[in-house]
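Residues per chain are reported as follows:
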Amino acid sequence: MSAFVQTVLGRVSPEQLGVTLMHEHLLVDLRRVFVEPEDPGDRLLANAPLSLDNLSWTALNWCKNRDNLILSEVDLAVREAGYFKQAGGGTLVDVTTAEFGRDPLALCEISRRTGLHVVMGCGHYHALFHPPDMGSRSEDEIAEGIIRDIVEGVGRTGVLAGIIGEVGCSWPLHPDEAKVLRASARAQRATGAPLSIHPGRSADSPFEILDILETAGADVSRIIMGHMERSGLERARLSELARRGCYLEYDWFGEVRPAWPYGRVDVPSDGERIKIVASLIHEGFLESVLISHDICFKTRLASYGGPGYAHIVKYVSHWMQALGIAAAEVETILIGNARRILQFS
């Protein structure tokens, strides 16, 4: 086929994708961001399995319960992703990298059992998760590893990645993260793969990242700038970023807690996110918008009272229309834009 999307089970036509979630995690291990509670009573909750008894506390203290920070059960992932399939979903992009829980063979199993297309990520997350020898690796070595995952497959599994990322960045940017960005740009140029970015927690971070990627030769039209709702960008700067030509991804839909202690406390609600998306559409950036949930811990799963992977299809898509976004525009965001960014030529 002249244009294709690379899923864990092989190449498919872009027209086969259907409704697509562009930034999710089916299996993930974020225990490196665990924060030990200061309150002695809360410390008893830190190592307790997630249950109804501690669900409310954990939802507001998401990084202080170890069990909340790991999704490792394939059966649970199948059930949760199945809700998305049942609601009309077609494709799920898992941007977990090797450093925090990627499991290519398990993703294949989840895809087969649910009937969903699954696109797998590659590359490197932010510096806290980097392998110990990252400082001594050259850009060539890093780029070659990313390219290998895309064109040959991960290790001996033969499972091919279909997107670079999420490539993690801190604020201020760590030198090794800048090196990974340059290597990712080289890998993108060599393969034509899309590139998904986890920016640092500053309004200046997306611009710094784009400058580095552009200088390294990346195709900005193939770059996704994620987590836009926590960026703190005012409308004028948001428009400035959109004019740079990258995709803007609002990928915390269904999230009701602030990012604190790892970032902003004024993360917008779903309604506020939709209004921002509507303003971008009004400015002519309809084809630059992507949305998703970034489910990466248990309290976000439907099984634990969270929104789950079906939230956008079942609710947000209708709320978007209620707030003035036309049905055809919703379809462009959920299907057309995802289809365009994920396809290889």
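Residues numbered from 1 in each chain as written. Predicted model: local features only at pLDDT ≥ 70, side-chain atom pairs only at ≥ 80, totals over all residues. Heavy atoms only, no water.

1. Topic: the overall build of the protein
The helix and strand tally for the protein stands at 11 helices and 12 strands. In terms of overall size, the protein behaves like a compact globule, its C-alpha atoms giving a radius of gyration of 19 Å where 345 residues would be expected to give roughly 20 Å. The principal-axis extents of the C-alpha atoms in the protein amount to approximately 55 × 50 × 45 Å. Relative to all contacts within the protein whose residues are 6 or more apart in sequence, the contacts with residues 24 or more apart total 76%. Taking the average location of the 34 positive side-chain charges in the protein and that of its 45 negative ones, the two points are 2 Å from each other. (Helix = DSSP H or I, 4+ residues; strand = E, 2+ residues; numbered from the N terminus. Rg over C-alpha atoms; globule rule 2.2 N^0.38 Å. Contact = heavy atoms within 4.5 Å. Lys, Arg positive; Asp, Glu negative; His and termini not counted. Charge placed at Lys NZ, Arg CZ, Asp CG, Glu CD.)

2. Considering the pattern of salt bridges
The tally for this structure, following the rule as stated, stands at 19 salt bridges. For Asp-67, the salt bridge is made with Lys-298, and the minimal N-O distance between the two is 3.2 Å. Residue Asp-67 is located in the loop between helix 2 (55-60) and strand 5 (70-71), and its partner Lys-298 is located in the loop between strand 12 (289-291) and helix 10 (311-322); the two are separated by 231 residues in the primary sequence. A relative accessible area of 24% places Asp-67 in the partly exposed class. Across the pair Glu-229 and Arg-273 runs a salt bridge whose closest N-O atoms are separated by 2.7 Å. In this pair, Glu-229 sits in the loop between strand 10 (223-225) and helix 8 (235-243) while Arg-273 sits in helix 9 (residues 270-282), placing the two residues 44 residues apart along the sequence. (Salt bridge = Lys/Arg side-chain N within 4 Å of Asp/Glu carboxyl O. Buried < 20%, exposed > 50% of the residue type's maximum accessible area, 1.4 Å probe, protein only.)

3. Concerning the packing of helix 9 against helix 10
Where helix 9 contacts helix 10, the two axes come as close as 10 Å, and the packing angle between them is 60 degrees. The angle between helix 9 and helix 10 places the two elements in the oblique class. Between helix 9 and helix 10 lies a crossing whose hand is right-handed. Between helix 9, through Asp-270, Ile-274 and Val-277, and helix 10, the contact on the second element is made entirely by His-311, Val-316, Trp-319 and Met-320. Classifying every residue of the contact of helix 9 with helix 10 by side-chain character gives five nonpolar, one polar and one charged. (Axes fitted to C-alpha atoms, helices over the stretch in contact; angles between N-to-C directions. Parallel < 35°, antiparallel > 145°, perpendicular 65-115°, else oblique. Left-handed = near helix turned anticlockwise from the far one by under 90°. Nonpolar A, V, L, I, M, F, W, Y, C, P; charged D, E, K, R; others polar.)

What is shown is where atoms sit, not what they do.
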